[in-house]
Each structure stands twice: as C-alpha cells, then as structure tokens.
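Chain and residue survey
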Amino acid sequence: MSITLQSATPATLDEIVEEVARWQTEGAPVQLHSGDLGWAWRFGAQALAEKVRVWHRDGQLLAAGMMDGEDGLIRMAVAPSVDHDEALAAQLLADLSDPGRGVLPAGGGSVEARFGAAFRKLLHHGGWAADEPWTPLRRDLATPVEDCGLRIEVLDADHVDDRIVQDRVAVGLASFPNSTFTEERWRALAATSAYRRARCLVGYDDAGNAVAATTVWSAGAGRPGLIEPLGAHRDHRGRGHGRAITVAAAGALRQLGSSSATVCTPTSNVAGVAAYVSAGFDRLPDVTDFRRPG
Ligand SMILES: CC(C)(COP(=O)(O)OP(=O)(O)OC[C@H]1O[C@@H](n2cnc3c(N)ncnc32)[C@H](O)[C@@H]1OP(=O)(O)O)[C@@H](O)C(=O)NCCC(=O)NCCS
C-alpha cells in the first residue's frame, strides 16, 4: 500500500486538527499538538494549509507536519499506531530529504520529531544532527490546581468581551518582542474549530493592569493539553505574574478535561523554564530537533 504526501487545504484542516488531537497520548513525548496548529491558524486557513503536509496510507492519516519559521523547520506528529512502522519512517525520510517534494529547502532544514520511534531511528542513522535543545515541561492534572492569586478573565469562542480581547492582544505584544498579534487575528483564531477546545486567559493585578496572558489548548478529555503561548507583560515581570498565569493555565486545562498540562520552550529561555517549574511543572529531559546532514 503506497504512502502519499499531500498539502493540506483549508477544507481539510478541521479533520487534520481533530486527528492530531487524538494522537496526543499521556506519557508519550510531547509532539506537534493540535494546539500548535490552532495557534498558527490565526493567520487564516489558507496560510495554515500552505504550511501543513499530511501523509496517508489507504485513506488513513498517519503523520502530519507543520512548517514553522524561516529556517526550514518542519514539526511532525505521528499517529501512535505507526510509532514503529518502518515503511512510513522510510517514506517520511525520503520526502523530507528530497527538496523536490517542497517540504524542506535544498541542503538545509530541520525536523522536530519527538515521537515516532522508527522515524527517529532513521534520522539518527541518516546522520541528522542534534539541533538547538528544547525543554519539555509537564504538570499532572489528576488533583485540583490551587488558586493562582491573580484575577483571571477567560475568553472562549462564546464569551467574547472586546475589552478583554484588547488586553489579550496587548499583553501578547508586550510579552514577545516579535509578536504580530492583532485583534483581527485573535478573532480569526477564535472562529476556528481548534479554538472550541481552547481558552485565552488574561491575568489582572490588584491595580487592574493586564499583566499576563496565555492560550491553552485541550486535545480532548484524558489527553495532554498544551500551553501556547504564555507571557508576562514586559513592564510587569519579576512579580510572580508569570508563575500565576501558568498556574491559571494548568487550572483551565484541568477544567477542559486534560490529563496534564504540557509545554515546550527553548532550553535557552531560562526565565520561561523557571516560571513553569515555579508553577509546579516537572522539567523533563531536554529534546533536540534533527538538522539535515551538511
Ligand atoms: C517567562 C515569563 C512569563 C516570566 O514572567 P515573570 O512574571 O517575570 O515570572 P515570575 O516573576 O512569575 O517568576 C517565576 C519564576 O521564574 C524565575 N525567573 C523569572 N525571570 C527569570 C530570569 N530572567 N532568570 C531566571 N529566573 C527567572 C523567578 O525567580 C521565579 O522563580 P521562583 O518562583 O523560584 O522564585 C516572562 O519572562 C515572559 O513573558 N517571557 C517572554 C515570553 C516567554 O518566554 N514565555 C514562556 C515560554 S512560551
């Protein structure tokens, strides 16, 4: 049975996101999450579809990848049922290695492949080298999450308060120097099927300032949820607000039925790792992307 590589289309995104959500498995490495796709959806369905590649066999979706950033990175999700599938692994490697397939650029590029044992083994054996380290973090949600200490406002698709949307966007812009977030993009995000299982949280200090914000993504009950992104306003850092919004994020994911809250941040983001650990997350062993051999 042949394995086919295709680009996503706006019409297939709902189904792809739903399937990638189903692949999130408690205890398995944190791989490309439906929330990563959801967060990228703020630029519109066409823009996201152009970044997404899918591999099918016999009509069944087996793997999906999202191209991310300017440096030729593809972030992969592999169905648990084909973790050890060598034919799939070989096809993925062939497609990623061939610039004619339009996935990775000639002579460059890297792959985030945290799951898919057979695929990871082939990348190792093919000389794909370790790239920048990332740190996964996880908080178990079996027991209730403590109060975070900030006043939290929640935005879901059905409860849209314009003032809170403005604050969500403003804190996003003040947290990430390269952020291009806008209210229009927030509304595009909130209208997607992915956002039905997501919430934005905005944290307010005692003076009423919007000081921290995040978006959390459930993958369905009993599966790991994702925090993406999370930040504290640059004018209000070092006061426990990063920790507080992270605790609030864990609480919101628990309410959505997630079994754990997960996140992955560059290991070099010392403040980010510290804020998650401070909020009760376990720091898991670092992981690296695979860089194409030179
Ligand atoms: C990461 C971030 C949210 C932290 O926000 P913050 O409000 O300054 O963090 P807090 O004051 O709540 O501090 C939380 C913990 O992190 C530690 N911390 C904060 N900044 C730190 C830094 N620059 N270096 C080392 N530790 C740091 C604090 O000491 C505290 O630890 P403790 O509870 O053990 O004392 C904020 O720096 C930020 O928005 N960064 C940009 C976006 C980002 O990287 N987000 C996370 C990855 S998605």
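Residues numbered from 1 in each chain as written. Predicted model: local features only at pLDDT ≥ 70, side-chain atom pairs only at ≥ 80, totals over all residues. Heavy atoms only, no water.

Notes on the overall build of the protein chain
Helix and strand counts for the protein chain stand at 9 helices and 13 strands. With the principal axes as the frame, the protein chain shows a C-alpha extent of 60 × 35 × 35 Å. Buried positions account for 53% of the 294 residues belonging to the protein chain. The contacts in the protein chain between residues at least 6 apart in sequence include a share of 70% that link residues at least 24 apart. Summed over its atoms, the accessible surface of the protein chain is roughly 12,900 Å², and 49% of this surface lies on carbon and sulfur atoms. Of the side-chain charges in the protein chain, 29 are positive and 37 negative, and the distance between the mean point of each set is 2 Å. (Helix = DSSP H or I, 4+ residues; strand = E, 2+ residues; numbered from the N terminus. Buried < 20%, exposed > 50% of the residue type's maximum accessible area, 1.4 Å probe, protein only. Contact = heavy atoms within 4.5 Å. Areas by Shrake-Rupley, 256 points an atom, 1.4 Å probe, with all protein chains shown as cover. Lys, Arg positive; Asp, Glu negative; His and termini not counted. Charge placed at Lys NZ, Arg CZ, Asp CG, Glu CD.)

Here we look at the UniProt feature "domain: N-acetyltransferase" (unreviewed entry) in the protein chain
With numbering matched to this structure, UniProt assigns "domain: N-acetyltransferase" (unreviewed entry) to residues 160–294. Taken as a whole, residues 160–294 contains 34% helix and 28% strand, while its terminal C-alpha atoms sit 49 Å from one another. (UniProt positions renumbered as here; feature names shortened; annotations may be inferred.)

Focus on the nonpolar core
With 64 residues, the main nonpolar core has Trp-55, Ile-74, Val-111, Phe-119, Trp-186 and Tyr-195 as its most contacted residues. Of the residues forming this core, the biggest block, 6 residues, is contributed by strand β3 (residues 60–68). Lining this core are residues from two domains, each supplying at least three of them: domain 1 (3–133) and domain 2 (139–287). Core analysis: the next-biggest nonpolar cluster, separate from the first, contains 26 residues, Val-145, Ile-245, Ala-249 and Val-273 among them. (Core = buried A, V, L, I, M, F, W, Y, C linked by side-chain atoms within 4.5 Å. Domains from an automatic or database assignment.)

A look at the domain arrangement of the protein chain
Domain boundaries assigned for the protein chain yield domain 1 (3–133) and domain 2 (139–287). Computed from C-alpha atoms alone, the centre-to-centre distance between domain 1 and domain 2 is 25 Å. If you look at the interface, domain 1 gives 21 residues, while domain 2 gives 29 residues. Inspection of the domain 1/domain 2 interface yields 1 salt bridge. Residue Glu-18 pairs with Arg-197 through a salt bridge whose shortest N-O separation is 3.5 Å. Our enumeration of links across domain 1 and domain 2 arrives at 6 residue pairs in polar contact (both at pLDDT 80 or more). For the side of domain 1 that touches domain 2, a count of residues per class yields 7 nonpolar, 6 polar and 8 charged. (Salt bridge = Lys/Arg side-chain N within 4 Å of Asp/Glu carboxyl O. Polar contact = N/O pair within 3.5 Å; in protein donor to acceptor, adjacent residues only side chain to side chain. Nonpolar A, V, L, I, M, F, W, Y, C, P; charged D, E, K, R; others polar.)

Description of the pairing of strand β4 (residues 73–78)
Of all 6 residues in β4, 6 are buried; the element is thus mostly enclosed. Pairing geometry for β3 and β4, over 6 bridges, is antiparallel. In the sheet register, Met-67 faces β4, and the bridge partner there is Ile-74. In the sheet, β4 pairs with strand β5 (residues 110–112) via 3 bridges, with the strands oriented parallel. Note that in β5 the partner of Ile-74 across the bridge is Val-111. Handedness of the β4-helix α4 (residues 86–97)-β5 crossover: right-handed. (Pairing = 2+ DSSP bridges. Right-handed = clockwise from strand over helix to strand, strands pointing away.)

Examining the packing of α4 against helix α5 (residues 117–125)
Contact geometry of α4 with α5 gives a least axis separation of 8 Å together with a crossing angle of 50 degrees. With respect to their mutual orientation, α4 and α5 come out oblique. Regarding α4 and α5, the two cross each other, and that crossing is right-handed. In this structure, α4 contributes Glu-86, Ala-89, Ala-90, Leu-92, Leu-93 and Leu-96 to the contact, and α5 contributes Ala-118, Phe-119, Leu-122 and Leu-123. (Axes fitted to C-alpha atoms, helices over the stretch in contact; angles between N-to-C directions. Parallel < 35°, antiparallel > 145°, perpendicular 65-115°, else oblique. Left-handed = near helix turned anticlockwise from the far one by under 90°.)

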